[in-house]
Amino acid sequence: LIALGGAIGTGLFYGSSESIALAGPSILLAYLVGGFAIFMIVRALSEMSVEDPKAGAFSYYATRYWSKRAGFISGWNYWFNYILVSMVELSVVGQIRKLLVPRRFRHGVSAAVFLVIICAANLLGVSKFGEFEFWFAIIKIVAVIAMIVGGLAVIIFALPTASGIKRALPTGSP
């Protein structure tokens, strides 16, 4: 659950709406192609992990099977990616907080508060951190399932949408 919850980030909830609005249903093709590429990379990484189980993952295997430079770049790229993703997620927390709590707070204040909460959860120890991650993963998974069920309900029952369209399928008349 922790790995699945880690894969579900704010990009799925906040960032995909813009992609879906631009591309429509064809975004599924892009997600399938991207998902297949990621699946193949993770599959190759798992094969290497079985063959040579060492800590370090990407950077270790890049160093071992490619070069020291590739391992160095891979390790720093991984670190930079997580720092960048963390900052983006804290920014999105500010956006979501603004929707839920209409008080006037600066984004920096809400981001700082959540950063302190996340750091405190990390400093409590591995068992407490694992417990937090488990419950947050459950919340994310339930939210994704609820969105899928909600989307299917809109399509099946032809519920009205924000754009005012009441029919999910065209009737054949202009």
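Residues numbered from 1 in each chain as written. Predicted model: local features only at pLDDT ≥ 70, side-chain atom pairs only at ≥ 80, totals over all residues. Heavy atoms only, no water.

1. A short note on the overall build of the chain
Inference 1: Across its full length, the chain holds seven helices and zero strands.
Inference 2: Here the C-alpha radius of gyration of the chain, 21 Å, is well above what a compact globule of 174 residues would show, namely 16 Å.
Inference 3: Each principal axis of the C-alpha atoms in the chain carries an extent, and together these give about 65 × 40 × 25 Å.
Inference 4: Counting all 174 residues of the chain, 13% fall into the buried class.
Inference 5: Put simply, of all contacts in the chain between residues at least 6 apart along the chain, 34% involve residues at least 24 apart.
Inference 6: Summed over all atoms, the accessible surface of the chain reaches about 13,900 Å², with 73% contributed by carbon and sulfur. (Helix = DSSP H or I, 4+ residues; strand = E, 2+ residues; numbered from the N terminus. Rg over C-alpha atoms; globule rule 2.2 N^0.38 Å. Buried < 20%, exposed > 50% of the residue type's maximum accessible area, 1.4 Å probe, protein only. Contact = heavy atoms within 4.5 Å. Areas by Shrake-Rupley, 256 points an atom, 1.4 Å probe, with all protein chains shown as cover.)

2. Examining helix α6 (residues 107-123)
Inference 1: Across its 17 residues, α6 extends 24 Å between first and last C-alpha, which sits within 8% of the 24 Å expected from 1.5 Å per residue.
Inference 2: Three or more residues of α6 are buried, namely S110, A111 and A121. For α6, the angular spread of buried residues about the axis comes to 100°, placing them on one side. Those residues of α6 that are exposed and angled more than 90 degrees off the buried face are V116 and L123. (Expected span 1.5 Å × (residues − 1). Arc of directions from axis to C-beta.)

3. A few points about the packing of helix α4 (residues 57-65) against helix α5 (residues 68-100)
Inference 1: Packing of α4 against α5 brings their axes to within 6 Å, and their N-to-C directions diverge by 170°. Comparing the axis directions of α4 and α5 gives the class roughly antiparallel. For the element pair α4 and α5, the recorded crossing hand is right-handed. Contacts from F58, S59, A62 and T63 of α4 reach α5 at K68, A70, G71, F72, S74, G75 and Y78.
Inference 2: Tallied by class, residues from the contact of α4 with α5 come to five nonpolar, five polar and one charged. (Axes fitted to C-alpha atoms, helices over the stretch in contact; angles between N-to-C directions. Parallel < 35°, antiparallel > 145°, perpendicular 65-115°, else oblique. Left-handed = near helix turned anticlockwise from the far one by under 90°. Nonpolar A, V, L, I, M, F, W, Y, C, P; charged D, E, K, R; others polar.)

4. Considerations on the packing of aromatic side chains
Inference 1: Summed over all chains, the structure comprises eight aromatic pairs.
Inference 2: Between Y61 and Y65, the ring centres sit 6.3 Å apart and the planes meet at 15°, which makes this aromatic pair stacked. Taken together, the residues span about one helical turn, with Y61 and Y65 both in helix α4 at a distance of four residues.
Inference 3: For Y65, a relative accessible area of 44% translates into the label partly exposed.
Inference 4: On the basis of an interplanar angle of 85° and a centroid distance of 5.1 Å, the ring pair of F134 and W135 is categorised as edge-to-face.
Inference 5: In this structure W135 comes out as partly exposed when scored by relative accessible area, which is 48%.
Inference 6: Counting every residue linked through ring pairs, the aromatic cluster contains F58, Y78 and Y82. (Phe/Tyr/Trp six-rings, centres within 6.5 Å; stacked < 30°, edge-to-face > 60°.)

5. With respect to the pattern of salt bridges
Inference 1: Inspection of the entire model under this criterion finds three salt bridges.
Inference 2: Close ionic contact of R43 with E47 constitutes a salt bridge, the shortest N to O distance being 3.9 Å. One end of the pair, R43, and the other, E47, are both in helix α3 (residues 27-51), four residues apart, so they sit about a helical turn from each other.
Inference 3: Residue R43 is classed as partly exposed on the basis of its relative accessible area of 46%.
Inference 4: Here R64 makes a salt bridge to D52, at a shortest N to O gap of 2.5 Å. In this pair, R64 is assigned in helix α4 and D52 in the loop between α3 and α4, connecting sequence segments 12 residues apart. (Salt bridge = Lys/Arg side-chain N within 4 Å of Asp/Glu carboxyl O.)

6. Regarding the side chain of D52
Inference 1: D52 gets classed as buried once you look at its relative accessible area, which sits at 7%.
Inference 2: Apart from residues no more than four positions distant in its own chain, D52 is found in contact with Y60, Y61, R64 and Y65.

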